[in-house]
Amino acid sequence: MAIPSFVDTVRLHVAGGRGGHGCASIHREKFKPLGGPDGGNGGNGGSVILRVDPQVTTLIDYHHHSTRQAANGDPGQGNYRNGANGRDIVLTVPEGTVVRDAATGEVMADLVGSASEMVVAAGGRGGLGNDALATKARKAPGFALLGEDGDDREIVLELKVLADIGLVGFPSAGKSSLVAAISAARPEIADYPFTTLVPHLGVVKAGAVTFTVADVPGLIPGAAQGKGLGLDFLRHIERCQALVHVIDCATYEPGRDPLSDLDALEAELAAYGGLEDRPRLVALNKIDVPDGAELAQMVEPDLRERGLEVYPISTKTGEGLKALTFAMAHVVEQRRATLPASPAPVPVVVRPKPIDAPEFTIAHESDDQGGWLWHVRGDKPERWVRQTDFRNAEAVGYLADRLNKIGIEEELLAMGAQPGDAVAIGGTDAVIFDFAPQIDLGAELLARRGQDNRLEEPRPAVRRRRAMDAEYHAAKQAVKDAEQAISAVLVGLDPTDFDGDKPDTDDDTIDDEAIGETDGVTGDARDHSDGRHDMGKGQ
């Protein structure tokens with residue numbers, strides 16, 4: 001199987017690199033027990049960039065390798081280290097390449113001008129580390145955000161050759177021979193139709209003007225509707241500044257003559273559209289053949305009556321070529337003078353078009369199991385879902401905080417959503433939640449959304465310090481009580497009196513009687529006191 005040397009249309013799959021995940025880390029350093037979060041951000045993914053290179057003339061490289069993907073970003077690390085960004089991929093294309101979206105057919109960019117470029121697949125953004133997520137209310141987040149996926153799309157690259165002069169004619173009219181005669185280009189030349197299967201460019205210099213000439217494959221009636229090679233190569237003359245009709249004056253095909261050939265070519269150009277304003281020249285070729293010279297003399301007056309400049313030529317002998325090349329240079333010079341100066345190339349980045357619409361939409365739809373769910377769509381909520389690590393409860397709470405902040409919960413309640421209803425966020429890869437509003441009627445809010453109560457408990461060092469303080473105060477109180485008891489014994493009082501309650505025991509009665517026998521007054525007083533105390537106890 002022959003390997004093509006010229007490719008002007010390719011289908012290319014491009015994918016930007018994925019952003020690196022953020023890091024959840026706590027700073028650890030000697031003599032700094034409260035180091036705080038130090039997780040770095042993930043690096044951005046690499047992008048796929050198309051750039052015009054004047055040295056490239058074909059898209060053949062992408063014909064053989066039709067998938068291109070940029071590098072992923074590195075994940076963040078502890079100690080405030082951010083991940084490295086992924087390396088971009090630069091794809092060089094010829095000048096005049098049109099980029100289309102393969103799914104919609106929409107033109108994304110028309111790369112004209114040296115060094116013009118566009119970002120056709122942007123890399124994903126890296127996830128934030130817990131250092132970037134720290135706030136006054138959440139001083140030490142125990143989670144980080146995931147990196148986003150890069151753009152992934154299929155595009156169609158379509159090359160439209162940039163030339164000043166386009167040669168148009170029937171097969172075997174002598175277009176390739178004309179390019180070879182007036183320039184250094186050497187296209188294939190043979191005595192059978194459709195020898196030229198790909199466009200050829202030649203650089204021509206006439207006086208002080210230098211211009212390019214494009215040899216376009218032959219056209220036949222019906223080319224504008226796709227007959228022959230028409231549609232594949234008619235686009236190559238869209239950018240030409242002027243057209244030259246190469247008419248075969250020595251054809252042996254029946255029913256053909258220079259006037260009918262010119263009418264057929266003009267009909268195809270009109271059917272294709274967009275070429276009405278291009279200046280035309282007519283080159284009556286093969287006048288080196290006797291019959292061709294006579295026919296050229298016959299039709300030349302009729303062509304001039306139509307307002308066309310006519311030049312009889314012979315690519316074999318070179319007759320008339322100098323006049324034709326200077327006429328081409330004059331037309332190109334006039335055309336260039338009327339065109340506005342091309343602006344400096346500006347890099348093009350493909351981004352979604354901004355629209356005046358709410359941040360999200362909610363619809364009540366049926367699911368695959370025959371039930372109903374609430375479907376939330378929107379750029380922000382879908383991106384936030386992709387950034388969330390659902391294995392981390394705190395990260396899920398942070399997502400709920402963000403969704404509630406833009407009013408999704410309020411809108412669901414206003415539309416009649418009930419606790420426990422299924423809520424899907426996203427498109428084909430939607431994530432489904434059970435609706436749990438932050439505040440239910442008659443329910444108590446035990447914690448803020450996105451806040452883990454376990455994180456509010458004292459740290460181990462605080463708990464140890466408080467336990468040591470409690471033990472110290474208990475021991476201090478015990479020593480104080482012991483000192484008071486010893487002091488009471490030394491002065492001859494019952495230590496239990498310091499408790500404000502004297503136990504009623506036999507030993508105490510004997511002691512009271514012994515004391516009463518020794519000192520009746522004192523005993524009586526104590527007896528009355530004991531009676532009052534017991535009464536108080538009885539009461």
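For clarity, every value in this text was computed on a predicted model and none was experimentally measured. (Residues numbered from 1 in each chain as written. Predicted model: local features only at pLDDT ≥ 70, side-chain atom pairs only at ≥ 80, totals over all residues. Heavy atoms only, no water.)

When helices and strands are tallied, the protein chain shows 13 helices and 19 strands. Counting only residues that meet the buried cut, the protein chain has 41% of its 539 residues in that class. Contacts in the protein chain between residues at least 24 apart in sequence constitute 70% of all its contacts with a sequence separation of at least 6. Here the protein chain displays about 30,700 Å² of accessible surface, and carbon together with sulfur accounts for 53% of that area. (Helix = DSSP H or I, 4+ residues; strand = E, 2+ residues; numbered from the N terminus. Buried < 20%, exposed > 50% of the residue type's maximum accessible area, 1.4 Å probe, protein only. Contact = heavy atoms within 4.5 Å. Areas by Shrake-Rupley, 256 points an atom, 1.4 Å probe, with all protein chains shown as cover.)

Before going further, it helps to spend a moment on the pattern of salt bridges. For the structure on display, the rule yields 17 salt bridges. A salt bridge links aspartate 401 to arginine 138; the nearest nitrogen and oxygen atoms lie 3.6 Å apart. Here arginine 138 lies in the loop between α2 (130-133) and β8 (152-159) and aspartate 401 lies in helix α9 (residues 393-405), a separation of 263 residues in the sequence. Arginine 377 serves as the salt-bridge partner of glutamate 382, at 2.6 Å between the closest nitrogen and oxygen. A relative accessible area of 36% means that arginine 377 is categorised as partly exposed. A network of salt bridges, in which partner residues are shared, links Asp277, Arg278 and Arg335. (Salt bridge = Lys/Arg side-chain N within 4 Å of Asp/Glu carboxyl O.)

Our focus in this paragraph is the packing of aromatic side chains. The tally for this structure, following the rule as stated, stands at two aromatic pairs. Measuring from ring centre to ring centre gives 5.1 Å for phenylalanine 143 and tyrosine 398, while their planes differ by 45°; the resulting arrangement is tilted. With a gap of 255 residues between them, phenylalanine 143 in the loop between α2 and β8 and tyrosine 398 in helix α9 connect regions that are remote in the sequence. On the numbers, 5.8 Å between centres and 45° between planes, the contact of phenylalanine 390 with phenylalanine 433 is tilted. (Phe/Tyr/Trp six-rings, centres within 6.5 Å; stacked < 30°, edge-to-face > 60°.)

The next point concerns the nonpolar core. Ranked by size, the top nonpolar core spans 26 residues in total, and within it Ile165, Leu167, Leu178, Phe211, Val213, Val244 and Met328 carry the most contacts. Considering each element in turn, this core owes the most residues, seven residues, to helix α7 (residues 321-338). With residues up to four places along the chain from it excluded, the contact list for valine 244 reads Ile165, Gly166, Leu167, Val168, Leu281, Ala283 and Met328. One finds Cys240, Ile247, Leu275 and Ile287 within the second-largest nonpolar core, a separate group that totals 24 residues. (Core = buried A, V, L, I, M, F, W, Y, C linked by side-chain atoms within 4.5 Å.)

Before going further, it helps to spend a moment on the pairing of β8. In terms of strand pairing, strand β1 (residues 9-15) meets β8 through seven bridges, oriented antiparallel. Along β8, the bridge assignment pairs histidine 13 with glutamate 154. Alignment of strand β5 (residues 97-101) against β8, held across five bridges, turns out to be antiparallel. Counterpart to threonine 97 in the pairing with β8 is leucine 159. (Pairing = 2+ DSSP bridges.)

For the rest of this paragraph, the subject is the sheet that holds strand β13 (residues 280-285). The strand order across the open sheet formed by six strands is β10-β11-β9-β12-β13-β14, and the pairing between neighbours is mixed. The sheet is open, and its two borders are formed by β10 (200-206) and β14 (309-312), each paired with just one other strand. Neighbour-to-neighbour, the strand axes of the sheet open up by a mean angle of 25°, direction not taken into account. Where strand β12 (residues 242-248) meets β13, six bridges bridge the pair, whose relative direction is parallel. Bridging from a neighbouring strand, valine 244 pairs with leucine 281 of β13. (Axes fitted to C-alpha atoms, helices over the stretch in contact; angles between N-to-C directions.)

What follows covers helix α5 (residues 258-272). Between its first and last C-alpha, α5 extends 21 Å over 15 residues, near the 21 Å set by a 1.5 Å rise per residue. Buried residues of α5: Pro258, Asp261, Leu262, Leu265, Glu268 and Leu269, and no others. Buried residues of α5 fall within an arc of 125° about the axis and therefore sit on the same side. For α5, the N-terminal capping position is held by aspartate 257, with its side-chain oxygen 3.0 Å away from the main-chain nitrogen of leucine 259. The first or second residue beyond α5 is glycine 273, which carries a positive phi of 85°. (Expected span 1.5 Å × (residues − 1). Arc of directions from axis to C-beta. Polar contact = N/O pair within 3.5 Å; in protein donor to acceptor, adjacent residues only side chain to side chain.)

With that settled, the discussion passes to the packing of α5 against helix α6 (residues 290-305). The contact between α5 and α6 brings their axes to 10 Å, and the two run at 50°. Comparing the axis directions of α5 and α6 gives the class oblique. Together, Pro258, Leu259 and Leu262 of α5 and Leu295, Val299, Asp302 and Leu303 of α6 make up the contact between the two elements. For the contact of α5 with α6, the class distribution of residues is six nonpolar, no polar and one charged. (Parallel < 35°, antiparallel > 145°, perpendicular 65-115°, else oblique. Nonpolar A, V, L, I, M, F, W, Y, C, P; charged D, E, K, R; others polar.)

Here we have four strands laid out as an open sheet, ordered β16-β17-β18-β19, and mixed in their pairing. Edge positions in the open sheet fall to β16 (361-366) and β19 (431-434), since each of these has one partner strand only. Strand-to-strand twist in this sheet, taken as the mean axis angle between neighbours without regard to direction, amounts to 30°.

The end-to-end C-alpha separation of α6 is 24 Å, in line with the 22 Å expected for 16 residues at 1.5 Å each. When we look at burial in α6, the residues that qualify are Gly292, Ala296, Val299, Glu300 and Leu303. Where α6 is buried, its residues meet α5, β13 and β14.

Take the environment of glycine 17 next. Here glycine 17 shows up in the loop between β1 and β2 (48-52). For glycine 17, a relative accessible area of 0% translates into the label buried. Glycine 17 sits 71 residues away from aspartate 88 along the chain, and the two C-alpha atoms are 8.5 Å apart. Leaving out residues up to four positions away in the same chain, glycine 17 has contacts with Gly45, Gly46, Ala70, Ala71, Asn72, Gly123, Gly124 and Gly150.

All right, on to unusual backbone geometry then. Phi at phenylalanine 31 is positive, roughly 70°, even though this residue is not glycine. On the secondary structure map, phenylalanine 31 appears in the loop between β1 and β2. Taking the relative accessible area as the measure of exposure, phenylalanine 31 reaches 72% and is therefore exposed. We note that lysine 286 has phi near 70°; this positive angle belongs to a residue other than glycine. Overall, the relative accessible area of 24% leaves lysine 286 in the partly exposed class.

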